[in-house]
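# Commentary on secondary and tertiary structure
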Amino acid sequence: MCGLTALLSLQPPVTQSNGVHTPPIRPEEIDNSLEIIKHRGPDARGQWISPDGRVGLGHVRLSIIDLSPEGNQPFHSTTDTNDVHTIVNGELYDFERLRAQFASEYDFKSHSDCELVLALYQHYGVSFLSHLRGEFALVLWDAKRKLLIAARDRYGIKSLYYTVHQGRLLVATEMKSFLAYGWTPEWDVRTLRENGWRFNEKCYFQGVSKVLPGHYLVSREFGAAEQKPYWDLEFPDKRIVETRTEEEMILGVRERILDAVRLRLRADVPVGIYLSGGLDSSALAGVAANLIREEHVKVGTDNSGEIARLQCFCVQFDKDSGADESDIAQRTADWLGVELTCVQLDEAAIAAKFEDTAWHSEAPNPDANGIGKLALSETVHAKGLKVVLTGEGADEHFAGYTLFAADMLSEPDAAWPSGLIPESDREEAWSQECIKSDIFQLGALPKNVPPSTKRVLNNARLPPSLCTHTPLPFAPWTDQYTASDPQTVLAESFDGRAYHNMATKWHPLHSSQYIWTKSVFPNIMLRYLGDNVDMVNHVESRTPYLDHHVTEYANALPPNLKMKWDPETKKLREKHILREAMKPFITEEIYKRAKHPYMGPVRYAADGPLHRVIQRLVTKENVEQLGFVDWETAEGLADKAFVQHEHSAFRNVLSLAQFIVIGKGFGAKKAEL
Ligand SMILES: Nc1ncnc2c1ncn2[C@@H]1O[C@H](COP(=O)(O)OP(=O)(O)OP(=O)(O)O)[C@@H](O)[C@H]1O
Ligand SMILES: NC(=O)CC[C@H](N)C(=O)O
């Protein structure tokens, strides 16, 4: 993916009577901002500043479609009637069909997918976003109307941040780009204490917000910007009985996934696949192999029609870590006849990449999982590939997480009467899942949650699990920022439409899927395990399960077909319909294998490489420089984590070390009372 940066001066570039001085935007500022994210776009760099010096657009390019200079950005549409400029990070699928459709009314200058934004904006006005299919972050400036739009894809696959600094609206793919404009980061201690940055539009730096998934930011006539939604997840009314047969729905899922993969194999550069021992990625590899065999589909630049040339990549952890799936991935690769490269990741390699992963992801998470993804992209790049397909989004939309089970069982599924679970079984299984979800927590369950908070999300069982995440060892003075507990903050990050739907229309499984997919998924998973770390090594990851034709179809399926009750084992079978839809393309082993979440090792040796990195980072000086952490509590964490192997201390200290890396990299001001 590429990277972008944009500025809009909210005041004219002169000294005002009130003393505010907004200098015209300078090319060096944009260039410095792009320099910070140059890893996102090694192939070309471009910028545009409006004649009045009030609008600036900058872009670094990882070229994927139309590698010629015509595909470089910004793109401009300047005619008698038009004066529109855009920068786009991402991929717009099915662009060739749309390009042909609009060729008579728009004068395309390139064969880039991204230029489509100008054609669609000219045709549809601000509603053009609904016509984009794929992952993107973009900024568009309509000079005639003095209208700025900054938009993000439906799921938040791409990141997009904004802030106002010295009278200028700043927008960028990564927060660190703002540093070039003289912005000085200050910790937002409230959102750190309340965990809000993991759930909502806030960031852990004051004044910085995310453009939310499925939203666009709009500023007219240089006025204050506001966010508006253009798309959201929708689920059916739980009382309406499904009339399609299971077979029809299995075929419906299959057809849409085939289409989503087919579109994502199209690129002017080599394309590969991230392959684990799980269903989601094995299905992608299987579908791709099938498309090569049955339709002779071109895979990136490879037109050979040889399945053996399809390149897959698997992270290989130490065998005794319990986290390694490479044997299974190898069996899948052998069965399909594709090539598999295993990327060995021992503890020394994990330790060596710890700081880079935190810095680039901008989304600290208390585990080492993101490091594996960073290592994968390093190898993919070394092998000359620029694009990979990866399986994120399947668990969200086809119900793969066991954390959804309690909500799935909390109510019968009237939409699929033939799959109804006998009431006594359902109630028994539900109470067991509730006990399990209380025991299997990654930290202490949230305390002091007002009863009203539980009702906001219609008593969903999922929220406490999302809120147990690893409190940092906060300094006592930060207690003033605990007016709202994390669970209330999570609940309040949704809107009235969602509350109404959860209370009256959606099955609890669907409410749970909504809560997860709108909160930690874009803010943590797609950052720490997604685009941000892939792009460090100039690799674009494409997510076929996050194609909105796939997800809209999946969301409309009955809950009982997503998590299907097995009357013999008296257990739920997660991702049932996805499994059935993908059956022709996967091994028997994968078809039968239960979900194992992607996890790096969680136990590391005392005085080993990772312990030493943590000791180097978590010093009194570094902790005190954060300002919001208590050194006395932090001091013993590394020993507890690596010598006594306390899992919660391990998570705490990893989190703390990541914040130290981020604080140092950003030059964040020490937080004070
Ligand atoms: N060990 C790994 N090597 C390479 N890629 C991986 C690895 N683990 C996960 N991934 C990538 O990350 C994606 C998300 O991981 P996740 O665990 O959700 O899916 P999965 O392993 O494919 O399937 P399942 O969810 O059924 O276990 C995978 O689909 C795959 O593309
Ligand atoms: N890396 C990207 O975001 C790709 C942008 C655009 N699709 C191109 O090929 O240039």
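Structure: above.
Residues numbered from 1 in each chain as written. Chains lettered and ligands numbered in written order. Predicted model: local features only at pLDDT ≥ 70, side-chain atom pairs only at ≥ 80, totals over all residues. Heavy atoms only, no water.

When helices and strands are tallied, the chain shows 28 helices and 19 strands. The C-alpha radius of gyration computed for the chain amounts to 25 Å, which stays within 12% of the reference 26 Å derived for 673 residues, consistent with globular compactness. Taken along the three principal axes of its C-alpha coordinates, the chain extends 75 × 65 × 50 Å. Across the 673 residues of the chain, 61% fall into the buried class. (Helix = DSSP H or I, 4+ residues; strand = E, 2+ residues; numbered from the N terminus. Rg over C-alpha atoms; globule rule 2.2 N^0.38 Å. Buried < 20%, exposed > 50% of the residue type's maximum accessible area, 1.4 Å probe, protein only.)

Our next topic: the site of ligand 2. Around ligand 2 there are 13 residues in total, and Cys 2, Arg 61, Ile 65, Gly 90 and Asp 113 lie nearest to it. At a separation of 2.9 Å, a nitrogen atom of ligand 2 approaches a polar backbone atom of Leu 62. In this structure, Ile 65 approaches ligand 2 through a main-chain N or O atom, which is 2.6 Å from an oxygen atom. In isolation ligand 2 exposes 290 Å². Once the protein is present, 100% of that is buried. No other element matches the three residues that strand β5 (residues 83-92) contributes to the shell around ligand 2. Looking at the shell around ligand 2, its residues break down into six nonpolar, three polar and four charged. (Near = heavy atom within 4 Å. Polar contact = N/O pair within 3.5 Å; in protein donor to acceptor, adjacent residues only side chain to side chain. Areas by Shrake-Rupley, 256 points an atom, 1.4 Å probe, with all protein chains shown as cover. Nonpolar A, V, L, I, M, F, W, Y, C, P; charged D, E, K, R; others polar.)

For the pair helix α8 (residues 347-361) and helix α28 (residues 647-666), the least separation of the axes is 9 Å and the interaxial angle reads 65°. Overall, the two elements α8 and α28 adopt an arrangement that is roughly perpendicular. In the crossing of α8 with α28, the sense of the turn from one axis to the other is right-handed. Together, Phe 354, Glu 355, Ala 358 and Trp 359 of α8 and Leu 654, Ala 657, Gln 658, Val 661, Ile 662, Gly 665 and Phe 666 of α28 make up the contact between the two elements. Tallied by class, the residues present in the contact of α8 with α28 amount to eight nonpolar, two polar and one charged. (Axes fitted to C-alpha atoms, helices over the stretch in contact; angles between N-to-C directions. Parallel < 35°, antiparallel > 145°, perpendicular 65-115°, else oblique. Left-handed = near helix turned anticlockwise from the far one by under 90°. Contact = heavy atoms within 4.5 Å.)

Looking now at the pairing of strand β2 (residues 44-49). The side-chain alternation of β2 yields one buried face, formed by Ala 44, Gly 46 and Trp 48, and one unburied face, formed by Arg 45, Gln 47 and Ile 49. Of the pairings in the sheet, the one linking β2 to strand β3 (residues 55-61) comprises six bridges and is antiparallel in character. The partner of Arg 45 across the bridge, within β3, is Val 60. (Pairing = 2+ DSSP bridges.)

On to unusual backbone geometry. When glycine is set aside, most residues are seen to have a negative phi, and most peptide bonds are trans. In this chain, Gln 73 is followed by Pro 74 through a cis amide linkage whose omega measures 5°. Mapped onto the elements of the fold, Pro 74 is located in the loop between β3 and β4 (75-78). Within the chain, Gln 166 stands out as a residue other than glycine whose phi angle is a positive 45°. You can call Gln 166 exposed: its relative accessible area is 59%. With a phi angle near 70°, Asn 195 is a residue other than glycine that sits in the positive phi range. Mapped onto the elements of the fold, Asn 195 is located in the loop between α4 (189-194) and β10 (209-210). By relative accessible area, which is 10% here, Asn 195 ends up buried.

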